[in-house]
Amino acid sequence: VRDFAQRMITDHQASTAALKKAVQDGAAGTTVPADMMPRHQQMLRELEQADAPAFDQLYLEQQRTAHAEALDLHRSFAGRADVPQ
């Protein structure tokens, strides 16, 4: 779980940096939020408060949920004709 978590940190830092650069380079009027959504802040608080035995299971559950939601979001955007490639 720790190896997976470290990979998520590394990958998300890279994708966030790329997104910020893309916005800076040409997406006029677009900004990258500075803060997490309240729901995600709550998930982080739950992890911070979890004891060691419960942490791994909670982390994995949250990752499955978050990645399923992200996949749905990407599929939705991919199906829209008004979104540039």
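Because the structure is a prediction, the values reported are computed rather than measured.

J.: Summarise the packing of helix α2 (residues 38-49) against helix α3 (residues 52-78); cite the residues concerned and give the values.
T.: Packing of α2 against α3 leaves a shortest axis separation of 10 Å and a crossing angle of 165 degrees. Taken together, the axis directions place α2 and α3 in an arrangement best described as roughly antiparallel. For α2 against α3, the interelement crossing comes out left-handed. Judged by residue contacts, Arg-39, His-40, Met-43, Glu-46 and Leu-47 of α2 engage Phe-55, Leu-58, Tyr-59, Gln-62, Thr-65 and Glu-69 from α3. Residues that form the contact of α2 with α3 fall into these classes: 5 nonpolar, 3 polar and 3 charged.

J.: Give me helix α1 (residues 2-26): which residues, what numbers.
T.: Each α-helix turn comprises 3.6 residues. Residues three or four places apart therefore point the same way. For α1, which comprises 25 residues, the first-to-last C-alpha distance of 36 Å matches the rise-based estimate of 36 Å (1.5 Å per residue) to within 8%. Within α1, burial applies to Ala-5, Met-8 and Val-23.

J.: An account of the packing of aromatic side chains is requested, with residue identities and associated values reported.
T.: The tally for this structure, following the rule as stated, stands at 2 aromatic pairs. Taken together, a centroid distance of 6.3 Å and an interplanar angle of 70 degrees make the contact between Phe-4 and Tyr-59 edge-to-face. With Phe-4 in helix α1 and Tyr-59 in helix α3, the pair connects residues that are 55 residues apart, well separated along the chain. Exposure remark for Tyr-59: the relative accessible area of 10% places this residue in the buried category. Members of the aromatic cluster, connected to one another through ring pairs, are Phe-4, Phe-55 and Tyr-59.

J.: Outline the packing of α1 against α3, supporting the account with residue identities and numerical values.
T.: Packing of α1 against α3 brings their axes to within 12 Å, and their N-to-C directions diverge by 35 degrees. α1 and α3 meet at a crossing whose hand is left-handed. Residues Phe-4, Ala-5, Met-8 and His-12 of α1 pack against Tyr-59, Gln-63 and His-67 of α3. Its residues assigned to classes, the contact of α1 with α3 shows 4 nonpolar, 3 polar and no charged.

Definitions and limits used
- Residues numbered from 1 in each chain as written.
- Predicted model: local features only at pLDDT ≥ 70, side-chain atom pairs only at ≥ 80, totals over all residues.
- Heavy atoms only, no water.
- Axes fitted to C-alpha atoms, helices over the stretch in contact; angles between N-to-C directions.
- Helix = DSSP H or I, 4+ residues; strand = E, 2+ residues; numbered from the N terminus.
- Parallel < 35°, antiparallel > 145°, perpendicular 65-115°, else oblique.
- Left-handed = near helix turned anticlockwise from the far one by under 90°.
- Contact = heavy atoms within 4.5 Å.
- Nonpolar A, V, L, I, M, F, W, Y, C, P; charged D, E, K, R; others polar.
- Expected span 1.5 Å × (residues − 1).
- Buried < 20%, exposed > 50% of the residue type's maximum accessible area, 1.4 Å probe, protein only.
- Phe/Tyr/Trp six-rings, centres within 6.5 Å; stacked < 30°, edge-to-face > 60°.

Just geometry here; none of it tells us what the structure is for.
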